[in-house]
Amino acid sequence: MSAIQTSKSSHGIGKMLNKVPEVTLAFWVIKIMSTTVGETVADFLAVNIGWGQGITRVVMGVLLTIALFWQFRTRRFTPWIYWLTVVLVSVVGTQITDLLTDGLGISLYISTTAFAILLSAIFAIWYRVEHSLSIHEISTRRREGFYWAAILCTFALGTAAGDLATEALGLGFTNGVIAFGILIALAYIAFRADANAVLTFWIAYILTRPFGAALGDLLTQSPSYGGLGVGAMWTSAIFLTIIVFLAGAAQLNMSKKQSQRIKR
């Protein structure tokens with residue numbers, strides 16, 4: 001879904017090069033992997049390592065703050081910083097929903113609805129201010145602020161919606177993966193059929209979160225709970241390795257292109 005229209009003007013301060021990667025197959029692979037990692041890493045640190053939810057939230061919150069600081073400081077898209085930030089947003093987004101559900105006892109119906117309303121409000125304000133929701137010109141601090149606010153909200157919403165479907169509504173992990181996978185495929189089909197590119201992109205982006213969460217639960221949970229029993233440690237390690245490989249390849253490719261331009 002890379003044919004999203006580029007905004008013709010920039011209204012923010014501090015013009016930069018675009019800070020967001022091209023929407024390619026690698027983009028969606030890393031995105032789905034990062035959503036699964038958000039689910040498994042949070043569980044691994046809190047349960048397997050024994051940090052508990054409180055310490056895990058503090059540590060991940062601090063790391064996300066540092067990553068966002070780096071991301072906002074850069075003047076152009078830097079793959080390793082961008083994808084590190086996405087992974088940490090995924091973990092924190094998962095923890096936000098878990099805090100509301102497990103810590104405060106808020107119904108998944110309520111949290112899913114609340115995050116959906118919040119995300120709609122972010123999009124509405126973003127569009128009103130910038131006149132576009134395109135990710136092809138995230139080239140000012142203000143646009144980048146809207147972008148990351150929306151991203152964090154999509155992860156929290158996706159976690160709540162995924163848990164609502166697979167647990168509260170009894171869909172199960174396997175059926176959850178299949179159901180959300182079909183919805184993502186339908187969004188892609190709509191995009192190919194010339195549906196609004198911005199709309200189909202954000203729909204697919206939101207859906208990859210519950211898809212990744214259901215996939216993470218399917219892989220990590222024991223067979224008695226409907227999972228495959230791979231475990232949070234191995235799932236996190238395998239998916240993080242793939243993310244590092246793909247993000248590293250993108251970083252090397254970008255460095256090579258920059259070097260070639262300098263030589264010219």
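Anyway, here's the lowdown on the structure attached to this text. (Residues numbered from 1 in each chain as written. Predicted model: local features only at pLDDT ≥ 70, side-chain atom pairs only at ≥ 80, totals over all residues. Heavy atoms only, no water.)

**Some points on the side chain of T56**
Thinking step 1. Mapped onto the elements, T56 comes out in helix α2 (residues 52-73).
Thinking step 2. A relative accessible area of 0% places T56 in the buried class.
Thinking step 3. For T56, the residues in contact, after removing those within four places along its chain, are A42, L45, A46, W51 and Q95. (Helix = DSSP H or I, 4+ residues; strand = E, 2+ residues; numbered from the N terminus. Buried < 20%, exposed > 50% of the residue type's maximum accessible area, 1.4 Å probe, protein only. Contact = heavy atoms within 4.5 Å.)

**A closer look at the packing of aromatic side chains**
Thinking step 1. Scanning the model with the defined rule gives 21 aromatic pairs in all.
Thinking step 2. Geometrically, the ring pair formed by F27 and W28 is edge-to-face, given 5.2 Å between the ring centres and 90° between the ring planes.
Thinking step 3. Here F27 falls in the buried class, since its relative accessible area comes to 2%.
Thinking step 4. Taking the relative accessible area as the measure of exposure, W28 reaches 15% and is therefore buried.
Thinking step 5. Relative to W148, the ring of Y147 has its centre 5.3 Å away and its plane inclined at 85°; by these criteria the two rings are edge-to-face. Each member of the pair, Y147 as well as W148, is classed as buried.
Thinking step 6. Positioned above the aromatic ring of Y205, the side-chain terminus of K31 is 4.2 Å from the ring centre. (Phe/Tyr/Trp six-rings, centres within 6.5 Å; stacked < 30°, edge-to-face > 60°. Lys NZ or Arg CZ within 6 Å of the ring centre and 35° of its normal.)

**Side note on the pattern of salt bridges**
Thinking step 1. Per the stated rule, a full pass over the model turns up four salt bridges.
Thinking step 2. A salt bridge links K19 to E144; the shortest N-O distance between them is 2.9 Å. Of this pair, K19 sits in the segment before α1 (25-48) while E144 sits in helix α5 (residues 141-168), and the two are 125 residues apart along the sequence.
Thinking step 3. Residue K19 is classed as buried on the basis of its relative accessible area, which comes to 1%.
Thinking step 4. A salt bridge links R143 to E137; the nearest nitrogen and oxygen atoms lie 3.7 Å apart.
Thinking step 5. Judged by relative accessible area, E137 falls into the buried class, the value being 15%.
Thinking step 6. When salt bridges that share partners are traced, they join E130, E137, R142 and R143 into one network. (Salt bridge = Lys/Arg side-chain N within 4 Å of Asp/Glu carboxyl O.)

**A short note on the environment of T235**
Thinking step 1. On the secondary structure map, T235 appears in helix α8 (residues 232-263).
Thinking step 2. The spacing of T235 and G216 is 19 residues in sequence and 7.5 Å in space, taken between C-alpha atoms.
Thinking step 3. In this structure, T235 is in contact with T36, T40, L219, T220 and V230, ignoring residues within four places of it in sequence.

**Description of the packing of helix α6 (residues 173-192) against helix α7 (residues 197-220)**
Thinking step 1. Packing of α6 against α7 leaves a shortest axis separation of 8 Å and a crossing angle of 165°. Considered as vectors, α6 and α7 are oriented roughly antiparallel to each other. The crossing of α6 and α7 is left-handed. In contact with F173, T174, G176, V177, F180, G181, L183, I184, A187, A190 and F191 of α6, α7 contributes A197, T200, I203, A204, L207, T208, P210, F211, A214, L215, D217 and L218.
Thinking step 2. Looking at the contact of α6 with α7 residue by residue, the class counts come to 17 nonpolar, five polar and one charged. (Axes fitted to C-alpha atoms, helices over the stretch in contact; angles between N-to-C directions. Parallel < 35°, antiparallel > 145°, perpendicular 65-115°, else oblique. Left-handed = near helix turned anticlockwise from the far one by under 90°. Nonpolar A, V, L, I, M, F, W, Y, C, P; charged D, E, K, R; others polar.)

**Here's the deal with the packing of α1 against α5**
Thinking step 1. α5 packs onto α1 with a crossing angle of 70° between their chain directions and a minimal axis gap of 12 Å. In terms of axis orientation, α1 runs roughly perpendicular to α5. Considering how the two elements wind past one another, α1 and α5 form a crossing that is right-handed. Note on element contacts: α5 touches α1 through F155, T159 and D163, opposite K31, S34, T35 and E39.
Thinking step 2. Grouping the amino acids of the contact of α1 with α5 by side-chain chemistry returns one nonpolar, three polar and three charged.

**Some words on the nonpolar core**
Thinking step 1. One finds Y82, W126, Y147 and W202 to be the most contacted residues of the largest nonpolar core, which totals 62 residues.
Thinking step 2. Among the elements of the structure, α1, α2, α3 (79-103), α4 (108-130), α5, α6, α7 and α8 are those that each provide at least two residues to this core. (Core = buried A, V, L, I, M, F, W, Y, C linked by side-chain atoms within 4.5 Å.)

**A short note on unusual backbone geometry**
Thinking step 1. Notably, H131 is not glycine yet its phi reads approximately 65°, a positive angle.
Thinking step 2. With respect to the helices, strands and loops of the structure, H131 is situated in the loop between α4 and α5.

**Notes on a nonpolar patch on the surface**
Thinking step 1. On the surface, a nonpolar cluster with roughly 740 Å² of combined accessible area is contributed by V58, V62, L63, I66, F69, W70, W80 and L84.
Thinking step 2. Every element with two or more residues in the nonpolar patch is listed here: α2 and α3.
Thinking step 3. Take the nonpolar patch: its biggest share by element is six residues, from α2.
Thinking step 4. Relative to the assigned elements, W70 resides in helix α2.
Thinking step 5. Among the residues examined, W70 registers a relative accessible area of 39% and is labelled partly exposed. (Patch = residues over 30% accessible without salt bridge, like charges linked within 9 Å, V, L, I, M, F, W, Y side chains within 5 Å. Areas by Shrake-Rupley, 256 points an atom, 1.4 Å probe, with all protein chains shown as cover.)

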